[in-house]
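An overview of the molecular structure
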Amino acid sequence: MQCGFMVFRRYPSSESDWRGFAQLLKETRAKLGPEGTVTMAFYPDTRQEKIISILRLSKYVDLFHSMSYDKVPGKHSTLALAKQTGGKF
């Protein structure tokens, strides 16, 4: 049986929050082992991607989901924004 874990973290407010979040992902990956799946959702705004890269979260996360929240009131984020901001963790 395969197990999985989806994480959706909305804007940690400090470096300490991000480091704690990274520790949670590390421990989750260790508990699930290589057969488990860990996914993470984030808002593509270039800041999130930089932090994800700096903390090397791809060591613990199998799939990253770029969320399409409203960038401008009444409009969803575009595919162009996702391409501009993400994909290289």
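Residues numbered from 1 in each chain as written. Predicted model: local features only at pLDDT ≥ 70, side-chain atom pairs only at ≥ 80, totals over all residues. Heavy atoms only, no water.

1. Thoughts on helix H1 (residues 15-32)
For H1, spanning 18 residues, the distance from its first C-alpha to its last is 26 Å, which sits close to the expected 26 Å at 1.5 Å a residue. Of all the residues in H1, the buried ones are Trp18, Phe21, Ala22, Leu25, Thr28 and Arg29. End-on view of H1: buried residues confined to an arc of 125 degrees, all on one side of the axis. Facing away from the buried surface of H1 by more than 90 degrees, the exposed residues are Ser16, Ala30 and Lys31. Gly33 sits one or two residues past H1 and shows a positive phi near 75 degrees. (Helix = DSSP H or I, 4+ residues; strand = E, 2+ residues; numbered from the N terminus. Expected span 1.5 Å × (residues − 1). Buried < 20%, exposed > 50% of the residue type's maximum accessible area, 1.4 Å probe, protein only. Arc of directions from axis to C-beta.)

2. Some points on the pairing of strand S2 (residues 37-42)
Burial within S2 is extensive, with five of its six residues counted as buried. Bridge count between S2 and strand S3 (residues 63-66): four bridges; the pairing is parallel. Paired with Ala41 across the strands is His65, a residue of S3. (Pairing = 2+ DSSP bridges.)

3. Considerations on helix H2 (residues 47-54)
Regarding H2, the residues found buried are Gln48, Glu49 and Ile52. Down the axis of H2, the sector holding all buried residues measures 100 degrees, keeping them to one side. H2 presents Arg47, Lys50 and Ile54 as exposed residues on the side facing more than 90 degrees away from its buried surface.

4. Looking at the confidence of the model for the chain
For the chain, per-residue confidence averages 79 on the pLDDT scale, and 70% of positions sit at 70 or higher. Per-element confidence in the chain is highest for H1, whose mean pLDDT is 92, and lowest for strand S4 (residues 70-72), whose mean pLDDT is 61. (pLDDT = per-residue confidence, 0-100.)

5. Here we look at the packing of aromatic side chains
Under the defined criterion, the tally for this structure stands at two aromatic pairs. Where Trp18 meets Phe21, the ring centres are 5.8 Å apart and the plane angle is 75 degrees; that geometry is what we call edge-to-face. With Trp18 and Phe21 both in helix H1 and three residues apart, this pair spans about one turn of that helix. Residue classification places Trp18 among the buried positions, given a relative accessible area of 7%. Taking relative accessible area as the criterion, Phe21 reaches 5% and is therefore assigned buried. Judged by centre distance (6.4 Å) and plane angle (75 degrees), the ring pair of Phe42 and Phe64 falls under edge-to-face. Of this pair, Phe42 sits in strand S2 while Phe64 sits in strand S3; the two residues are 22 residues apart in sequence, bridging distant segments of the chain. (Phe/Tyr/Trp six-rings, centres within 6.5 Å; stacked < 30°, edge-to-face > 60°.)

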